[in-house]
Each structure stands twice: as C-alpha cells, then as structure tokens.
Amino acid sequence: MNKLSATQLEKRIIWVALAFVAVLLALSALAINLFHVGLPTCLTDVKPFQKGELIAHSPTHYEVHYVARMWKFEPEDVTVPAGSTVDIYLSAADVTHGLILLGTNLNLMAVPGVVNYARVKFDKPRVYQLLCHEFCGTGHDQMAAELHVVDAATFAAKPKPPAAAEPTHPGYKVLDANLCTTCHSLDGQPGIGPTFKGLYGRTEKLRDGSSVTVNDAFVRDKILHPEAKVIAGKFEQEMPKTDLTDHEIEEIIEYLQTLK
Ligand code: CUA
C-alpha cells in the first residue's frame, strides 16, 4: 500500500474539509429555496416601530410589521394571497419575545430596540399559526396570532376591514402607555385582570370577603396601592404598581366612566 507523505495527507484533509463546507452551503441554499424562507437578519439601521401593520407593495409582495408585546402580536390577523412574497419585520414593545411561524422554518427573536427581518414566500392557501417561543411572562402561553394565505379570488372578495379607530380619550392614552390594556380589555373580553368595560360603578367582592364599589376613591387607591384591595376570584394575581400623577389618574377615572 502506498504511504502518503505528510504534505499529501494534509492536502487531502484540506480538500475533504472544503468539500464539506461546499456541501453545507449547497444544502443551506437548497433549504432557503425549498422552504422559501430567507435568512433572518437583525436590522440595526431600522427604527423599531410600535404599530403593527400590513403594507401591500404589489398584488404579490407584502410587508408585515409585527409588534410583539405582552401578550399578543399586532396585527393579530393577516391575510395575503397565495403566491405572495412577504417581508416580515419584527419589533418588541416591552420585553424579549419570540416568533415562530408553524409550518415554515421562520423563527425570529423580538428584542427591544432592534428590528428582525426575514422573507417568506407562501405558495398554497393555508392558515399558519404564529406563536411566541420565548417565555415572556404570565400570558406567554396565550401569545399567538394567525396568518391566512388564501387563493386570489378569496383575497379579492375579502372585505377590507375598516381601520379600527383607536380611542382618543386622554385616559385611554395613559392606560395604553402604561400597558394597563395588556391585562384589562376595553370590550368585555376576559384577560389577566378584569375588563374595564362596565367596571366603573360596579360592586366587586374583595379577597378579604368585603365588598367595594368601583368609584373614584377605589380606582385611585387601586393604582397607588395595588396590593391593598385585591378583587376576589380568578384575578388574585396582584396588579403591578404604576407611577401615575394625580392628573393621569383623574383622566383614567373619566375614561372608565365612558366604558359602559
Ligand atoms: Cu411573548 Cu412569550
């Protein structure tokens, strides 16, 4: 048997190593093409956004700005026609979240202060589930959204949803800015905390067995000393303390009175 000299052996090892690298690159390229998912990129030159939206560039090219916040994705429901290329931009409004799009190999982190990006091409109609895969607090397991890929005819027939008018009341702005609306819905939907709808003026039972009417004094007390009067029942988790001025609390009280 021929004995290889040390130099020949080294050359062979180098060639084998190069061949492995080439195969790896070819497989990556194949995966990107096969699954239509571009390489995720962290964009440090794009300003993080706070508003989720779907932007149509052409009938087959869309851009989605996803905002991950405790504990939902905005927009929660996106519909695009089959055959579309979708540029996905992801930003975090509060803590670190994740985004995984089941059925594709899209997997991004939502990190406060930066925007992460990947491109996905959707060939066939189907419903994709979007989940948060980074533990982000009490509501982590409820953090999901849907992306619908529909055929062109269904897409054309889909009534465009009217832009949801955001409340303009200054009290709402205070609630939103302090993330109160993360736990308390405005429309009666159950949440981590009681809904704000119809809360003002209602009589609530407290954990200590006493009752309280939700009035100005209670709302003020609850915001300043959340641990003092805990509403009984499934909302026994303590509300976090928020630093608000007297004026801001008054604006909240005024706004709650409008949510009949
Ligand atoms: Cu967001 Cu887990």
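In short, a report on the structure. (Residues numbered from 1 in each chain as written. Predicted model: local features only at pLDDT ≥ 70, side-chain atom pairs only at ≥ 80, totals over all residues. Heavy atoms only, no water.)

Judged by nonpolar contacts, the single largest core of 31 residues is most densely connected at Tyr66, Phe73, Val80, Leu106, Phe122 and Leu147. Mapped by element, the contributors of at least two residues to this core are β3 (61-69), β5 (77-81), β6 (84-92), β7 (97-101), β8 (106-110), β9 (115-122), β10 (126-131) and β11 (144-150). Filtering out sequence-adjacent residues up to four positions away, leucine 147 remains in contact with Tyr66, Val78, Val80, Leu101, Phe122, Arg126, Val127 and Tyr128. Counting 20 residues, the second largest nonpolar core, distinct from the first, contains Val214, Ile252, Leu256 and Leu259. (Core = buried A, V, L, I, M, F, W, Y, C linked by side-chain atoms within 4.5 Å. Buried < 20%, exposed > 50% of the residue type's maximum accessible area, 1.4 Å probe, protein only. Helix = DSSP H or I, 4+ residues; strand = E, 2+ residues; numbered from the N terminus. Contact = heavy atoms within 4.5 Å.)

Scanning all chains against the criterion turns up seven salt bridges. Between lysine 72 and glutamate 74 there is a salt bridge, with the nearest N and O atoms lying 3.7 Å from each other. The residue lysine 121 makes a salt bridge to aspartate 123 at a minimum N-O spacing of 3.1 Å. Looking at lysine 121, the relative accessible area reads 33%, which means it is partly exposed. (Salt bridge = Lys/Arg side-chain N within 4 Å of Asp/Glu carboxyl O.)

Spatially, β5-β11-β10-β7-β8 is the arrangement adopted by the five strands of the open sheet, whose pairing is mixed. At either margin of the open sheet sits one strand with a lone partner, and together these are β5 and β8. The sheet shows a mean angle of 20° between the axes of neighbouring strands, direction not considered. Pairing analysis gives two bridges linking β7 to β10, with the strands arranged antiparallel. Bridging across to β10, leucine 101 finds its partner in leucine 130. (Pairing = 2+ DSSP bridges. Axes fitted to C-alpha atoms, helices over the stretch in contact; angles between N-to-C directions.)

Before going further, it helps to spend a moment on the packing of helix α3 (residues 170-177) against helix α5 (residues 246-258). One can describe the packing of α3 onto α5 by two numbers: an axis separation of 7 Å at closest approach and a directional angle of 110°. Regarding the angle of α3 to α5, the classification is roughly perpendicular. Here α3 and α5 pass one another in a crossing that is left-handed. Contacts between α3 and α5 involve Pro170, Gly171, Tyr172, Val174 and Leu175 on the former and, on the latter, Glu248, Glu251, Ile252 and Tyr255. By residue class, the composition of the contact of α3 with α5 is six nonpolar, one polar and two charged. (Parallel < 35°, antiparallel > 145°, perpendicular 65-115°, else oblique. Left-handed = near helix turned anticlockwise from the far one by under 90°. Nonpolar A, V, L, I, M, F, W, Y, C, P; charged D, E, K, R; others polar.)

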